[in-house]
Amino acid sequence: MIRLDGVGKTFRGRDGAEVEALRDVSLNVAEGEFVAIVGASGCGKSTLLRLVAGLVGVSAGGVSLDGQAVTAPRAETAMVFQAATLLPWADVLRNVTFPLRLMGRMERDTEDKARALLATAGLAGFEGRLPRELSGGMQQRVAICRALLQEPRLLLMDEPFGALDALTREEMSIELLRLWAARRMGVLFVTHSIPEAVLLADRVVVMSPRPGRIVDVVEVALPRPRSFDQEGSDEFQRCARRIRAHIFGERAARAA
Amino acid sequence: MARLKAGLPAWLAVIGMFVVWEGAVRVFGIREFLLPAPSAIFVATVGAWPNVLRHTMATLGTVMLGFAASVVISLPLAMLIASSRAISAAIYPLLVVTQSIPKVALAPILIVALGANELPRVIVTFLVAFFPLVVSSVAGLLATPPELVELGRACRAGRVQELLRIRLPFAVPFVFGGLKVAAALSVVGAVVAEFVGADAGLGYLIQTSMAFFRTPLAYGAVVILALMGILIFQAVTLIERILFPWSSGSEQSAPPSA
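Parameters at a glance
- Note on numbering: residues in each chain are counted from 1, in written sequence order.
- By the order in which they are written, chains take letters starting at A while ligands take numbers starting at 1.
- Two thresholds apply to this predicted model, a pLDDT of at least 70 for residue-level local features and 80 or more for giving and counting side-chain atom pairs, whereas whole-chain, interface and lining totals are computed over all residues.
- Working definition: helices are DSSP H or I runs of at least four residues, strands are E runs of at least two. Numbering for both runs from the N terminus.
- It is over C-alpha atoms that the radius of gyration is taken, and the globule rule equals 2.2 Å times the number of residues to the power 0.38.
- Partly exposed residues are those falling between the two cut-offs: more than 12 but fewer than 20 other C-beta atoms within 10 Å of their own, whereas 20 or more means buried and 12 or fewer means exposed, with C-beta atoms placed from the backbone.
- The contact criterion used here is simple: two residues whose C-beta atoms, placed from the backbone, lie within 7 Å are in contact.
- UniProt positions are given in the numbering used here, feature names are shortened, and annotations may be inferred rather than shown by experiment.
- When DSSP finds two or more bridges between two strands, those strands count as paired.
- Note that Gly is not counted as nonpolar here; it falls among the polar residues with everything else outside the nonpolar set of Ala, Val, Leu, Ile, Met, Phe, Trp, Tyr, Cys and Pro and the charged set of Asp, Glu, Lys and Arg.
- As a rule, the C-alpha atoms of each element are fitted with a line to give its axis, helices using only the stretch in contact, and angles between N-to-C directions run from 0 to 180 degrees.
- Roughly parallel refers to an angle under 35 degrees, roughly antiparallel to one over 145, roughly perpendicular to one between 65 and 115, and oblique to any angle outside these ranges.
- Here is the rule for handedness: rotate from the far helix to the near one, and if that takes an anticlockwise turn smaller than a right angle the crossing is left-handed, while a clockwise turn gives right-handed.

Here we take up the overall build of chain A. When its secondary structure is counted, chain A shows 7 helices and 10 strands. Relative to a compact globule of 256 residues, whose C-alpha radius of gyration would be 18 Å, chain A shows 18 Å and is just as compact. Referenced to the eigenvectors of the C-alpha coordinate spread, the extents of chain A come out at roughly 55 × 45 × 35 Å. Looking at the 256 residues of chain A, the share that counts as buried comes to 39%. For chain A, contacts bridging at least 24 residues in sequence account for 68% of all contacts bridging at least 6.

This is the structure we're talking about:
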């Protein structure tokens, strides 16, 4: 569905110096596939996501969706950020419907769909609350509902659980898998956490920093539905070890 | 009840201050034209009431017109400044110039240029009040989290939509912070203008009273000015609480610069 072909991205810094964020990145995400991107800070993971979202343009190569070049944000993709970024003035329901209202895509049953979606995310009864009345985990759930209501074919998630505490994080991961299983859209999920990537993804893309490149793609052969019980399994450990070796091996080589 | 209780220390402090004041004036026999006792101020103000009321209304008119002009001009100006770096670079220095000119110095010039009517007073009031409103509104428009702007862009919102549906609502608490400062400064501006050229208003009343050593009446005018400032400030707070309940309590304001 989404295809990155030899994508490179160079930013011009404030001082005029060029910073190469990504070099020669090629990647496919199939319909309904869950792909995680793992890498140390500064490996251009977020930039990669923004390229796919059409928020920034490529410097080299190309991004295409169903064969069409992505040059601007498209209705097929929706994004979840690290911070919930809810509108502080709007209640939960209006936050969830905001993108559709902005795009003029509101239909008669949109609000009902939003309510149903919030209910499946455990937010029934909170439709009229303001974001500041919710906990961090609940706010992020609202943000995920906001993206899902757009019925994207590709969900882009930029460290969506990065700002949450460890316990909420585990709970949210499982919940995300549940929501994803019911919809089967493609997901591109950026994270710092190796266990999170292995638990969630069909494939884990490992990136190295400066410039961001893909150093390995790890297929995770764990059966679904996934749970944290699988963390002890050989397959989980194998995948985690392989990813860790790339990330820390790289660091060790750099330090030497 | 709870709010009344919270306000109790403030009320006690004010009452206490007046009691000490009254007592000190009586005990030390301070002469009235130097420092009148609160009771004398009250008697003088009530005694001249129809006159005082007329002056109060004149000042209130200037304050409200100047304040309204600040709002009407500052908000579009803030949006313009926030919308482009080039416009901001062009306009901001000019704004700072208007702020570095003492408004008292400008008032006589404006009165000669525009005539001895309401207009120069409103302009002086506006000049005193509008700057903090512009600054805090711009701050609010620019403080919108980049992710929120990115969300708008991901939803293919244009620049106008981004401004009206994301940046402007986000700036509301900042705008109200600026409005509160502007409300208080409007009173300052109106009185400054009246000192220089007016035939009515509390500023005028203070000057004429002092010319005849009617100090209690001048003090009365000062008290009314203070009350006026407090009332307008509270009115702005009330409007914010009613129209934007999510905003109050998260207010931010630029430091006042008179």
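Residues and elements named next belong to chain B. Sites flagged by UniProt as "transmembrane region" (unreviewed entry) map to residues 6–24, 33–52, 58–82, 94–116, 122–143, 164–197 and 217–239. Taken end to end, residues 122–143 is 95% helix and 0% strand, and its two terminal C-alpha atoms sit 31 Å from one another. Helix makes up 100% of residues 217–239 and strand 0%, with an end-to-end C-alpha separation of 33 Å.

Moving on: the pairing of strand β9 (residues 203–208) of chain A. All names here are of chain A. For β9, the tally of buried residues reaches 5 of 6 residues, placing the bulk of the element in the interior. By the bridge criterion, 5 bridges tie strand β3 (residues 34–39) to β9 in an arrangement that is parallel. Along β9, the bridge assignment pairs Ile37 with Val205. As judged from the 6 bridges shared by β9 and strand β10 (residues 213–219), these two strands associate in the antiparallel manner. Its bridge partner lying in β10, Met207 is registered against Ile214.

Another aspect to go through is the interface of chain A and chain B. Taken residue by residue, the interface counts 14 residues in chain A and 16 residues in chain B. Of the residues contributing to the side of chain A that touches chain B, the split by class is 13 nonpolar, 1 polar and no charged.

Bringing the packing of helix α4 (residues 136–149) of chain A against helix α5 (residues 166–183) of chain A into the picture now. Residues and elements named next belong to chain A. Relative orientation of the contacting elements α4 and α5 amounts to 20 degrees, with a least axis distance of 11 Å. The orientation of α4 relative to α5 falls into the category roughly parallel. Considering how the two elements wind past one another, α4 and α5 form a crossing that is right-handed. Note on element contacts: α5 touches α4 through Thr168, Met172, Leu176 and Leu179, opposite Gly137, Gln140, Ile144 and Leu148.

The next thing to look at is the environment of Leu130 of chain A. Counting through the fold element by element, Leu130 of chain A comes out in the loop between α3 (110–120) and α4. Of the residues examined, Leu130 of chain A has 18 C-beta atoms within 10 Å and is grouped as partly exposed. As a C-alpha pair, Leu130 of chain A and Ala163 of chain A span 33 residues in sequence and 19 Å in three-dimensional space. Those residues in contact with Leu130 of chain A that sit more than four places away from it in its chain are Asp91 of chain A together with Trp246 of chain B.

Let's shift gears to the sheet that holds strand β2 (residues 18–29) of chain A. All names here are of chain A. The strand order across the open sheet built from 4 strands is β2-β1-β4-β5, with neighbouring strands paired in antiparallel fashion. Edge strands, defined here as strands with exactly one partner in the open sheet, are β2 and β5 (68–69). When strand β1 (residues 2–12) meets β2, the two strands line up antiparallel, connected through 8 bridges. Following the sheet pairing, Arg12 is matched in β2 by Glu18.

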